Amino acid sequence: MATCGIAAGAQKVYETVQQEIARYGLAVTVVPTGCIGLCRYEPIVDIYVPGQEEAVRYGQITPEKIKKIIALHLFAGQPVPDYVCQDHRGKQMMVALRNSGVINPESIEEYIAVGGYQALAKALFEMTPQEVIEEVKASGLRGRGGGGFSTGLKWDYSARAEGDQKYVLCNADEGDPGAFMDRSILEGDPHSIIEAMTIAGYAIGADRGYIYVRAEYPLAVKRLEKAMSQARQMGFLGTKISGSAFSFDLEIRLGAGAFVCGEETALMVSIEGKRGEPRPRPPFPAVKGLYGQPTVLNNVETYANIPIILRRGASWFSSFGTEKSKGTKVFALGGNIHHTGLIEVVMGTPLRHVIYDLGGGIPGGKKFKAAQTGGPSGGCIPAAYIDTAIDYENLLELGSMMGSGGLIVMDEETCMVDVARFFLEFTVDESCGKCPPCRIGTKRMLELLERITSNKGEKGDLEKLEQLAKTIQAASLCGLGQTAPNPVMSTLRYFRAEYEAHIEERKCPAGVCKAFLEYTIIEEKCRKCSLCARTCPVGAITGKIKKPHRIDTEKCTQCGLCMSKCPVKAIAKRPKQ
Ligand SMILES: Cc1cc2nc3c(=O)[nH]c(=O)nc-3n(C[C@H](O)[C@H](O)[C@H](O)COP(=O)(O)O)c2cc1C
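First, a word on what this report is: a plain description of the structure on this page. (Residues numbered from 1 in each chain as written. Predicted model: local features only at pLDDT ≥ 70, side-chain atom pairs only at ≥ 80, totals over all residues. Heavy atoms only, no water.)

### Description of the overall build of the chain
Where we set the bar: Comment: elements are numbered from the N terminus, with helices defined as DSSP H or I runs of at least four residues and strands as E runs of at least two. Radius of gyration here is computed from C-alpha atoms only, and the compact-globule reference equals 2.2 Å multiplied by the residue count raised to the power 0.38. When checking whether two residues touch, look at their non-hydrogen atoms; a contact exists if any pair is within 4.5 Å. Only the protein chains shown count as cover for residues, and all accessible areas are computed by the Shrake-Rupley method using a 1.4 Å probe. Counted charges follow a simple rule, with Lys and Arg positive, Asp and Glu negative, and His plus the chain ends left uncounted. Charged side chains are reduced to one point each, which is NZ for Lys, CZ for Arg, CG for Asp and CD for Glu.
Per the secondary structure count, the chain includes 22 helices and 15 strands. For the chain, whose C-alpha radius of gyration is 26 Å, the value lies close to the compact-globule estimate of 25 Å for 577 residues. A separation threshold of at least 6 residues defines the contact pool for the chain, and within that pool the share at least 24 residues apart is 69%. Surface summary for the chain: the accessible area is close to 24500 Å², and the carbon and sulfur share equals 51%. The positive charge centre, built from 69 side chains, and the negative charge centre, built from 65, are 7 Å apart in the chain.

### Digging into unusual backbone geometry
Trans is the common state for peptide bonds, and a negative phi is the common state for residues other than glycine. At the junction of Glu-42 and Pro-43, the peptide bond is cis and its omega measures out at -10° in the coordinates. Relative to the helices and strands, Pro-43 resides in the loop between α2 (10-24) and β1 (45-47). In this structure, Pro-283 follows Pro-282 across a cis peptide bond, with omega equal to 0°. When you line up the elements, Pro-283 lands in the loop between α11 (264-271) and β6 (295-299). The phi dihedral of Glu-174 falls on the positive side, at around 40°, and the residue is not glycine. Within the secondary structure layout, Glu-174 lies in the loop between β3 (167-172) and α8 (181-188).

### Points about the site of the ligand
Note the threshold: We define proximity as follows: a residue is near a molecule or strand when any one of its heavy atoms falls within 4 Å of that partner. Here a polar contact means two N or O atoms within 3.5 Å. Within protein one must be a hydrogen donor candidate and the other an acceptor candidate, and residues neighboring in sequence count only if both atoms are side-chain atoms.
Residues in contact with the ligand amount to 18 residues; listed here are only the nearest, Gly-145, Lys-154, Asn-298, Asn-299 and Thr-302. Contact distances for the ligand include 3.4 Å between an oxygen atom and a backbone N or O atom of Arg-144. A distance of 3.1 Å is found between an oxygen atom of the ligand and a backbone nitrogen or oxygen belonging to Gly-175. Coverage of the ligand by the protein amounts to 89% of the 610 Å² it exposes when considered alone. Contributions of two or more residues to the shell around the ligand are made by β6 and α19 (479-483). The element contributing the most residues to the shell around the ligand is β6, with three residues.

### Let's talk about the side chain of Thr-427
The cut-off we apply is this: We call a residue buried when its accessible area falls under 20% of the maximum for its residue type, exposed when it is over 50%, and partly exposed in between, using a 1.4 Å probe and counting protein chains only.
Locating Thr-427 in the fold gives a position in helix α16 (residues 416-430). You can call Thr-427 buried: its relative accessible area is 2%. From its side chain, Thr-427 meets the backbone oxygen of Leu-424 in a polar contact 3.0 Å long. Contact partners of Thr-427, with chain neighbours within four places excluded, come to Pro-376, Leu-480 and Ala-484.

### Thoughts on the sheet that holds strand β5 (residues 249-255)
Spelled out, the test is: DSSP bridges decide pairing: two strands pair if at least two such bridges lie between them. To obtain each axis, a line is fitted to C-alpha atoms, and for helices this fit is confined to the stretch in contact; angles are then taken between N-to-C directions over 0 to 180 degrees.
The parallel open sheet is built from four strands, whose spatial order is β5-β4-β3-β6. Each having just a single partner strand, β5 and β6 make up the two edges of the open sheet. Across the sheet, the axes of successive neighbouring strands diverge by a mean angle of 20°, strand direction being ignored.

### Quick look at the packing of helix α5 (residues 118-126) against helix α12 (residues 300-312)
This is how it is decided: These descriptions rest on fixed angle ranges, namely under 35 degrees for roughly parallel, over 145 for roughly antiparallel, 65 to 115 for roughly perpendicular, and the rest for oblique. Left-handed describes a crossing in which the near helix is turned anticlockwise from the far one by less than a right angle; the clockwise case is right-handed. All amino acids are sorted into three groups, where Ala, Val, Leu, Ile, Met, Phe, Trp, Tyr, Cys and Pro are nonpolar, Asp, Glu, Lys and Arg are charged, and the leftover types, Gly among them, are polar.
Packing of α5 against α12 leaves a shortest axis separation of 8 Å and a crossing angle of 60°. Considering the angle they form, α5 stands oblique to α12. Pair α5 / α12 crosses with left-handed handedness. Of the residues in α12, those touching α5 at Gln-118, Ala-119, Lys-122 and Ala-123 are Pro-307, Leu-310 and Arg-311. Broken down by class, the residue content of the contact of α5 with α12 amounts to four nonpolar, one polar and two charged.

By themselves these figures say nothing about function.
Quick look at the structure:
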């Protein structure tokens, strides 16, 4: 059970399952697993019956529903079709998520049963450190934390660097809004990260490592701690691992949830106990990282790929994906889409497949307008590019980026100026303040966007935005500032007319920005029931039962409560008169 399932009530369902199987005296094994990505259907229960190939997957389960399922399916052998959930995992390729939702993350035995720690044994007993590095290089694996740098090359630099002590770090900061794939892997398959980091330690000659996790991920931390202790007991961590000459151990470091601490140099000083601020590079961490020593830092999803690359071979991994982007990528699908949750697809999968086949399309029959990838460092891909194959290069070319894998789908009722303002507000809040282009420049950009969305835009504002963006991109110290203008630049590139409409026509075409709109009561439809007046929290609606009602637009805060409560849809949003 992962955070998504538990938040949806999985604990109660789990307890009910145990009570019910005890009540019926059934010989059933109950295994709690991690997240399988179908977050919208949580809590999920899979029922495996001996002799049947496939499990039956039930979604949105409550204690009442599970009682019925146990009575009918497990006791009487009759599945309950009404509770079966749609599963699009068959259309995906699970590599990084291969064990999530399949094994009990708190059991090292289950990890071993699916081939766990075999890659470590292979590395330690059949390969030299350089052979491990060459295998990772040959796989074509690139960092899944944002930049997409070759993992094998990074390991090679660290292996070759001089240092008395080397370190292996895992970046589990996961600061991108809307992204939760790293948390999901840590909660669903913690041993794969421990195994991968130990292999990295062997490859570069490090005997210590740290996992930097944000403190808001308590379940991930708990499972990691348990997995580390199990691995030590079994001899997969600690001195002379599995009887080899190699020793390696791990510690967890908690981050306080500052976005900038995900930036590699800031992360390292944060582990050292100092304020998490970036420093200029070079020197790169591979050569001079934690405590000034050669350090390999990789993202959680990057590490999750390592054991299977070593087990199945580089050529297996590089056989899928595109020419320069190998393997798969996990995305956190969110926004205006039916199936929110996690998906894992082969690099090069068209965006259309992700949105319509895996995401189930846009709710309410609305049109797809854009997909935002790469979080605050990324940009928006407009509907015209829906057939783009998703890989590092294609996304960059479109002015967006892979980032860590947040993918937010937007429908026709999304204001792109407001979207740009939202992301910039995030970066302004999260700027560490060390360098002026980021600290001051992004703030000035945000002020311009706020002006435009509050109907105070002026001629020349777009040019000012572009000029500021270029300077901030060029002059900022770290990736936070360098990429902060991306959402603005990409929306300006594809949706410039929408910006111009705000400034020149004094209109928000998507009908989102409050300053351009007002609420009104459509007299012919109004039943004069007075529900709206009684609902309005600021007393902006006047009128008595059976008498005409009207909205005082000066008082109205546009919260939309009246609109949602009106039984006859007599309240409309319209452009300000
Ligand atoms: C502002 C900022 C925040 C970042 N946050 C993360 C993060 O949360 N997780 C992550 O893995 N990488 C993050 N990165 C990228 C890391 O600096 C680094 O490139 C990455 O962890 C390297 O691992 P990889 O090569 O496996 O991708 C961030 C970068 C910047 C500039």
